[in-house]
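# Examining the three-dimensional arrangement
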Amino acid sequence: MQTTVWRIDAAEPGWETGAAIREAAALLRRGELVAFPTETVYGLGADATNDAAVARIFAAKGRPADNPLIVHVADKRQLATLVADVPEVARRLIDRFWPGPLTLVLPHRGTVSPRATCGLPTVAVRMPAHPVARALIAAAGVPVAAPSANRSGKPSPTTAEHVLADLAGRIAGVVDGGPTAVGVESTVLDLTTPVPTILRPGGVTREELAAVVGEVSLDPALVREGETPRSPGVKYTHYAPAGEMTLVAGAPEEAARRIQRLADEAARRGERVGILTTEDGRHRYRGPHVVVPCGRRDDLASVAAGLYAALRRFDQEGVTRIYAETFPEVGIGAALMNRLRKAAGGRIVPGDSA
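This write-up is about the structure you can find in this document. Everything quoted here is computed from the prediction, not taken from an experiment.

### Details of the overall build of the protein
- The secondary structure content of the protein amounts to 10 helices and 16 strands.
- For 354 residues, the compact-globule estimate of 2.2 N^0.38 gives 20 Å, and the protein sits close to it at 20 Å.
- Projecting the C-alpha coordinates of the protein onto the three principal axes gives extents of approximately 60 × 50 × 35 Å.
- For the protein, with 354 residues in total, the buried portion stands at 55%.
- When the accessible surface of the protein is split by element, carbon and sulfur atoms take 50% of a total near 14,300 Å².
- Here the protein carries 42 positive and 39 negative side-chain charges, and the mean point of each set is 3 Å from the other.

Structure representation (structure tokens):
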């Protein structure tokens with residue numbers, strides 16, 4: 001299969017109804033797969049009401065069959081066609097955070113493919129903030145199921161080039177709207193529980209949610225090892241580069257001392273070593289290692305925005321072992337650390353004290 005690429009400059013007049021959007025939307029209506037930008041990462045879209053189209057997502061990604069998909073809508077009215085009820089708590093969250101990186105889990109009406117919900121009685125829905133995503137969904141005229149547009153388990157794509165590196169020849173097309181802004185996926189919030197429960201931290205923080213609805217809990221699997229995740233897909237390894245990653249905890253100076261020692265030891269064993277740090281921390285490292293700075297420590301949103309591109313850089317450099325600094329788990333830092341733990345398969349060691 002040849003993968004068509006449409007490049008869209010949202011600053012140009014008329015792009016919303018131009019040939020690129022029309023052609024990509026027509027492919028979605030025909031049951032084909034089209035990747036597109038959201039404010040978080042690129043999504044791999046299919047008509048959420050079409051069983052065969054949704055099945056193609058799982059095949060293209062190599063995605064486990066019990067990993068539900070998020071359904072994307074173009075406007076708030078479309079939500080009523082998907083869910084059995086929109087409770088007051090959902091209305092408050094929608095008024096505050098839609099369009100945006102917040103996914104709500106609610107009982108469904110049976111209008112989406114059971115492949116998208118993996119047979120669960122609930123559906124996960126969000127309205128993306130990216131204008132290209134909403135224009136495409138509106139033109140298609142159907143709700144669009146869209147996980148991240150990468151091979152399952154690999155770092156999520158934040159550019160069209162990342163999508164093509166993983167899925168060229170496997171999907172019908174990619175709408176290239178430039179780099180994404182947030183860089184980590186949406187927050188998934190379960191509203192079927194007595195207290196709204198975060199199943200996956202993401203672009204909307206727990207603190208922001210609590211300011212609107214009061215108490216917000218975390219799925220125990222996010223805070224305790226060995227717990228079974230309530231969201232089936234969360235149990236799988238995600239976001240992982242090819243090289244084995246280890247997180248090194250502690251203050252930046254302590255982490256840097258141990259990372260330098262471990263990196264030097266690995267290099268002596270013949271490994272190609274990568275180090276994930278920040279722009280303000282790169283000066284702490286020396287030697288032949290692949291040092292990739294990612295944002296600034298005093299701006300965790302910038303670290304989150306660059307994380308997946310940094311992990312993909314290690315793959316491009318042929319790195320076999322990666323050591324990464326850690327970050328405070330406040331605000332967007334909770335989502336950032338969730339992704340780093342997943343990428344590292346839970347491997348974390350303390351830094352070296354002075």
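Further notes follow.
### Focus on helix α6 (residues 160-167)
- What α6 keeps buried is the set A160, H162, V163, D166 and L167. Buried residues of α6, seen end-on, are gathered within an arc of 155° and therefore sit on one face of the element.
- Looking at the buried side of α6, the elements it contacts are β2 (34-37), β3 (42-47), α2 (51-61), β8 (173-176) and α9 (300-316).
- Directly after α6, the chain includes G169, whose backbone phi takes a positive value near 90°.

### Side note on the sheet that holds strand β16 (residues 348-350)
- Within the open sheet, the five strands sit side by side as β14-β13-β15-β12-β16. Their pairing is parallel. The strands lining the two open edges of the sheet, one partner per strand, are β14 (290-293) and β16. When strand polarity is set aside, the average angle formed by the axes of neighbouring strands in this sheet is 25°.
- When strand β12 (residues 244-249) meets strand β15 (residues 321-325), the two strands line up parallel, connected through five bridges. The residue of β15 that forms the bridge with V248 is E325.
- Here helix α8 (residues 252-268) sits on the sheet and contacts β12, β13 (273-277), β15 and β16; the angle it forms with β15, its principal contact strand, is near 175°.

### Some points on the pattern of salt bridges
- Going through the model one piece at a time under the given rule, you end up with 19 salt bridges.
- R261 is the partner of E265 in a salt bridge, and the nearest nitrogen-oxygen pair spans 3.7 Å. Of the two residues, E265 and R261 both sit in helix α8, four residues apart, roughly one turn of that helix.
- Across the pair R282 and E279 runs a salt bridge whose closest N-O atoms are separated by 3.2 Å.
- Residue class for R282 comes out partly exposed when judged on its relative accessible area of 42%.
- One salt-bridge network, in which partners are shared between bridges, spans E244, R269, E271 and R321.

### Some details on the sheet that holds strand β1 (residues 4-7)
- Here we have 11 strands laid out as an open sheet, ordered β1-β8-β2-β3-β7-β4-β6-β5-β9-β10-β11, and mixed in their pairing. The two strands at the open ends of the sheet, each matched to only one other strand, are β1 and β11 (217-218).
- The strands touched by α2 within the sheet are β3 and β7 (144-145), with β3 carrying the most contacts at an inclination of about 145°.
- The strands that helix α3 (residues 88-97) touches are β5 (102-107) and β9 (187-190); relative to β5, the one it contacts most, it runs at about 160°.

### A short note on the packing of aromatic side chains
- Counted under the stated rule, the structure contains one aromatic pair.
- Judged by centre distance (5.6 Å) and plane angle (25°), the rings of Y239 and Y308 are stacked. Linking Y239 in the loop between β11 and β12 with Y308 in helix α9, this pair joins segments that are 69 residues apart in sequence. An identical accessibility class is assigned to Y239 and Y308; each is buried.

### Focus on the environment of V349
- By the secondary structure assignment, V349 is in strand β16.
- Remark: the alpha-carbon pair of V349 and V123, spanning 226 residues in sequence, is separated by 37 Å.

### Observations concerning helix α1 (residues 19-29)
- Taken together, the buried positions of α1 are A20, I21, A24, A25, A26, L27 and L28.
- Summarising the contacts, the buried residues of α1 are in contact with β1, β2, β3, α5 (131-140), β7 and β8.
- Directly after α1, the chain includes G31, whose backbone phi takes a positive value near 90°.

Analysis parameters
Residue positions are given per chain, counting from 1 as you read along its sequence in written order. In view of the model being predicted, local features appear only for residues whose pLDDT reaches at least 70, and side-chain atom pairs are presented and counted only at 80 or more, with totals across whole chains, interfaces and linings using the full set of residues. Side-chain numbers come from the whole structure's heavy atoms, not from hydrogens or water. Where helices and strands are cited, they refer to DSSP runs of H or I of at least four residues and of E of at least two residues respectively, numbered from the N terminus. We compute the radius of gyration over the C-alpha atoms and compare it with the globule rule, which gives 2.2 Å times the number of residues raised to the power 0.38. The cut-offs for exposure are 20% and 50% of the maximum accessible area for each residue type, with area from a 1.4 Å probe on protein chains only; residues under the lower value are buried, those over the upper are exposed, and the others partly exposed. The Shrake-Rupley method, run with a 1.4 Å probe sphere, supplies the accessible areas, and residue values consider only the shown protein chains as cover. His is not counted here, nor are the chain ends, while Lys and Arg score as positive and Asp and Glu score as negative. Note that the charge is assigned to NZ on lysines, CZ on arginines, CG on aspartates and CD on glutamates. Note that the arc is computed from the directions linking the helix axis to the C-beta atoms. Contacts are assigned to residue pairs with any non-hydrogen atoms lying within 4.5 Å of each other. Should DSSP find at least two bridges between two strands, the strands are regarded as paired. The angle between two axes is taken between their N-to-C directions and runs from 0 to 180 degrees, where each axis is a line fitted to C-alpha atoms and a helix contributes only its stretch in contact. The term salt bridge refers to a side-chain nitrogen of Lys or Arg lying within 4 Å of a carboxyl oxygen of Asp or Glu. To pair, rings of Phe, Tyr and Trp, with the six-membered ring standing in for Trp, must have centres within 6.5 Å; the planes then decide the type, stacked if under 30 degrees apart, edge-to-face if over 60, and tilted in the middle.

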